[in-house]
Amino acid sequence: DVKVTQSSRYLVKRTGEKVFLECVQDMDHENMFWYRQDPGLGLRLIYFSYDVKMKEKGDIPEGYSVSREKKERFSLILESASTNQTSMYLCASRGDSGNTIYFGEGSWLTVV
Amino acid sequence: AQRVTQPEKLLSVFKGAPVELKCNYSYSGSPELFWYVQYSRQRLQLLLRHISRESIKGFTADLNKGETSFHLKKPFAQEEDSAMYYCALSGTHSGYALNFGKGTSLLVTP
């Protein structure tokens, strides 16, 4: 089974703090993604990466950055957390030859 | 631009009744269409993709290019089908990323 693991399931951070959300996949997938999931808005793409050290902006990149130093790991960074970034964050991965995107369990982030 | 529309936020049906969750899309090329499901407190998981033309858990979906639709159907709903359902499209936008609809919450009552 493909495993996409998000190390932090629940976080509470203060406004202005720097936040790191880590994601690791074990299937040697080239492509990795970060989404945020909000009620009534569905899933929106924040950033994606198609190779090590490569990154592309998704639909809502403002306030976020990412890092992909190793193929299996894709980190989402909130440089200065704000309350409107309170959300569920989902990491996903997909191989170049595969159609299926696999998701992690999600990280619930609350910014107070 | 590619867009996925799920017109119903909430769909409530009785157990044993037929279910149809609607999905319409806009895309200029040949899209890949998917249905994902999220049960309570579980991760998002793939239910169906149009390429495979499978039936999973009794659900089917047919891609209708003329109507640009990919509706999800099941003839007899079960209580365990209660979940959030997302229609998604993969095209050339954002590499291999999926573009999701806003989701439909399906509630099956006894």
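Rules used in this analysis
- Residues numbered from 1 in each chain as written.
- Chains lettered and ligands numbered in written order.
- Predicted model: local features only at pLDDT ≥ 70, side-chain atom pairs only at ≥ 80, totals over all residues.
- Heavy atoms only, no water.
- Contact = heavy atoms within 4.5 Å.
- Buried area = accessible area lost by both parts, 1.4 Å probe.
- Salt bridge = Lys/Arg side-chain N within 4 Å of Asp/Glu carboxyl O.
- Polar contact = N/O pair within 3.5 Å; in protein donor to acceptor, adjacent residues only side chain to side chain.
- Helix = DSSP H or I, 4+ residues; strand = E, 2+ residues; numbered from the N terminus.
- Nonpolar A, V, L, I, M, F, W, Y, C, P; charged D, E, K, R; others polar.
- Core = buried A, V, L, I, M, F, W, Y, C linked by side-chain atoms within 4.5 Å.
- Buried < 20%, exposed > 50% of the residue type's maximum accessible area, 1.4 Å probe, protein only.
- Pairing = 2+ DSSP bridges.
- Disulfide = S-S within 2.5 Å.
- Phe/Tyr/Trp six-rings, centres within 6.5 Å; stacked < 30°, edge-to-face > 60°.

Caption draft 1: Spatial organisation of the interface of chain A and chain B. Every contact between the two is made by 20 residues of chain A and, on the other side, 20 residues of chain B. Together, the buried faces of chain A and chain B total about 1900 Å²; carbon and sulfur atoms form 50% of this surface. At the junction of chain A with chain B, the criterion picks out 2 salt bridges. Summed over the shared surface of chain A and chain B, the result is 9 residue pairs in polar contact (both at pLDDT 80 or more). Breaking the side of chain A that touches chain B down by element, the ones donating at least two residues are strand S5 (31-38) and strand S6 (42-51) of chain A. Taken together, the residues that form the side of chain A that touches chain B break down as 9 nonpolar, 7 polar and 4 charged.

Caption draft 2: Examining the nonpolar core more closely. Residue and element names in this part refer to chain B. Grouped together as the largest cluster of nonpolar side chains are 25 residues, with contacts concentrated most on Leu-21, Trp-35, Leu-47, Leu-72, Tyr-85 and Leu-106. Listing elements by their share of this core, those giving two or more residues are strand S2 (10-14), strand S3 (19-21), strand S5 (32-38), strand S6 (45-49), strand S9 (83-90) and strand S11 (104-109). It is S9 that contributes the most residues to this core, 4 residues altogether.

Caption draft 3: Spatial organisation of the sheet that holds strand S7 (residues 60-61) of chain B. Residues and elements named next belong to chain B. Ordered in space as S3-S8-S7, the 3 strands form an open sheet in which the pairing is antiparallel. Two strands lie at the open edges of the sheet, namely S3 and S7, each paired on one side alone. With 2 bridges joining them, S7 and strand S8 (residues 72-74) adopt antiparallel strand pairing. Among the inter-strand pairings, Thr-60 is bridged to a residue of S8, identified as Lys-73.

Caption draft 4: Focus on the state of the cysteines. Counted according to the given criterion, the structure contains 2 disulfides over all chains. One disulfide in the model links Cys-23 of chain A with Cys-91 of chain A; its S-S distance is 1.9 Å. Because the torsion about its S-S bond is -75°, the bridge between Cys-23 of chain A and Cys-91 of chain A counts as left-handed. Pair noted here: Cys-23 of chain A is in strand S4 (residues 23-25) and Cys-91 of chain A is in strand S10 (residues 87-94), with a separation of 68 residues, a long-range link. Overall, the relative accessible area of 0% leaves Cys-23 of chain A in the buried class. Its relative accessible area of 0% is what places Cys-91 of chain A among the buried residues. A disulfide bridge connects Cys-23 of chain B with Cys-87 of chain B, and the sulfur atoms are separated by 2.0 Å.

Caption draft 5: View of the packing of aromatic side chains. Residue and element names in this part refer to chain A. The final tally for this structure, using the stated rule, is 11 aromatic pairs over all chains. Geometrically, the ring pair formed by Tyr-35 and Phe-103 is tilted, given 5.9 Å between the ring centres and 45° between the ring planes. One end of the pair, Tyr-35, is in strand S5; the other, Phe-103, is in strand S11 (residues 102-103), with 68 residues separating them in the sequence. The burial state of Tyr-35 is the same as that of Phe-103; both residues are buried.

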